[in-house]
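Chain by chain, the residues run as shown.
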Amino acid sequence: MNKPSIYGLTQEHMGAWLEEHGHKKSRASHVWEWLYRRRVKDFAEMTEVNKNCVQLLSEHFVIETLTEHTRQESADGTIKFLFRLEDGNLIETVLMRHKFGLSVCVTTQVGCNIGCSFCASGLLKKSRDLSAGEIVEQIMKVQFHLDQAGKGERVSHIVVMGIGEPFDNYDNISDFIRVVKDHKGLAIGARHITVSTSGLADKIKEFADSDLNVNLAVSLHAPNNELRTRIMKINKAIPIEKLMEAIEYYWDTTNRRITIEYILLQGVNDQPEHALELAELLKERRNLAIVNLIPYNPVDEHSQYQRSEKDSITAFYDVLKKQNISVSVRLEHGADIDAACGQLRSKQIRKDQDGSLEKVLS
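Remember, predicted model here, so these are calculated numbers, not experimental data.

Draft legend 1. Region of the structure containing the sheet that holds strand β2 (residues 79-84). The strand order across the open sheet formed by ten strands is β1-β2-β3-β4-β7-β8-β9-β10-β11-β12, and the pairing between neighbours is mixed. Both edges of this open sheet fall to β1 (67-73) and β12 (326-329), since each of them pairs with a single strand only. The mean angle between the axes of side-by-side strands here comes to 20 degrees, regardless of whether they run parallel or antiparallel. Inspection of the sheet shows β2 paired to strand β3 (residues 90-98) by six bridges, in the antiparallel sense. When the bridges of β3 are listed, F81 appears paired with T93.

Draft legend 2. Expanded view of the UniProt feature "binding site: [4Fe-4S] cluster" (unreviewed entry) in the protein. The UniProt record annotates "binding site: [4Fe-4S] cluster" (unreviewed entry) at C112, C116 and C119. Secondary-structure assignment places C116 in the loop between β5 (109-110) and β6 (128-129). On the accessibility criterion, C116 (15% relative accessible area) is buried. Other than its neighbours up to four places away in sequence, C116 contacts I231 and M232. Within the secondary structure layout, C119 lies in the loop between β5 and β6.

Draft legend 3. Looking closely at unusual backbone geometry. The phi angle at N213 is positive, at roughly 60 degrees, despite the residue not being glycine. With respect to the helices and strands, N213 occurs in the loop between α6 (201-209) and β9 (215-219). Backbone geometry places N324, a non-glycine residue, at a positive phi of 60 degrees. Along the polypeptide, N324 turns up in the loop between α11 (310-322) and β12.

Draft legend 4. Main features of the pairing of strand β4 (residues 101-105). The element β4 is largely enclosed, with a buried count of five among its five residues. Across five bridges, β3 lies against β4 in antiparallel orientation. Its bridge partner lying in β4, R97 is registered against L102. Hairpin remark: β3 followed by β4, antiparallel, with two residues in the connecting loop. Relative to strand β7 (residues 157-160), β4 is paired through three bridges, and the arrangement is parallel. Of the residues in β7, the one forming a bridge with V104 is I158.

Parameters at a glance
- Residues numbered from 1 in each chain as written.
- Predicted model: local features only at pLDDT ≥ 70, side-chain atom pairs only at ≥ 80, totals over all residues.
- Heavy atoms only, no water.
- Pairing = 2+ DSSP bridges.
- Helix = DSSP H or I, 4+ residues; strand = E, 2+ residues; numbered from the N terminus.
- Axes fitted to C-alpha atoms, helices over the stretch in contact; angles between N-to-C directions.
- UniProt positions renumbered as here; feature names shortened; annotations may be inferred.
- Buried < 20%, exposed > 50% of the residue type's maximum accessible area, 1.4 Å probe, protein only.
- Contact = heavy atoms within 4.5 Å.

Spelled out as structure tokens, the structure:
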């Protein structure tokens, strides 16, 4: 059995583990510094940590479990990494450059079971959750890349919006957030971390009651049940009424703003009447919601959907503005590479499968 990633341990967990194995709990802080501040890639590099402690850690954990398979670089500075896990599965991680800093979008599952009809991530069904360590290591791999470039840049923001449904992997996501937030490690501020969900109502409530204090985004994509069920099958189990009840609970508990994500699909959900319905849905708490309109990145396998025209996007935006709804249009990144989430991964898997078939036929 493969040894787990040490990145999966919060500092508290590491201290407790060391204490259970006969070492001082306080040594966790020292190990933490070497992992996240000095960013070593081998336990042997922890030259100032107790040797017996280092030996014990190396016997039970590993530092690196991901290997880079493919990298795509966009003219705008966006980099999409395709990583191979120890079990051979592939995942995507994306580095995006903004005026406010460097943001990384992480994947949380191998595949996705939510089944949104427009999404490349769901082309391959979920085979497993990622461990907390595998999610943290995505950030570390990107930071290693930045370190190697030698420009002194660091990851400043995180969006949990890659392949998979984060709240379907809730415990590992929680540990991931605690690790990257830790002020003695990567020290990424809570307000610089956003978790996106397709609308798992019970988990939204649990998230509201947690001490994580990071931002929440909800993928709505339609203002009524008929339309949302057509494009997002999760709406059959969790209709908009149940989702809004959970969102209301979040608002009442935290008094924090939620981002409502809305992908615009030409002729499907991008008409002015849809914008009016959306405004009606949010009007009672308009001060605690911001709608993020997302231009669609077409996916070959979902050819029934196309990107909304610019005029349609502008008209939708204007309707929301006139209804006093806070709204923005997502700035696109990596338009000249496989921009859609999961697209690079699915293409590579198809390529590998085609190659295997060719070998069999030959």
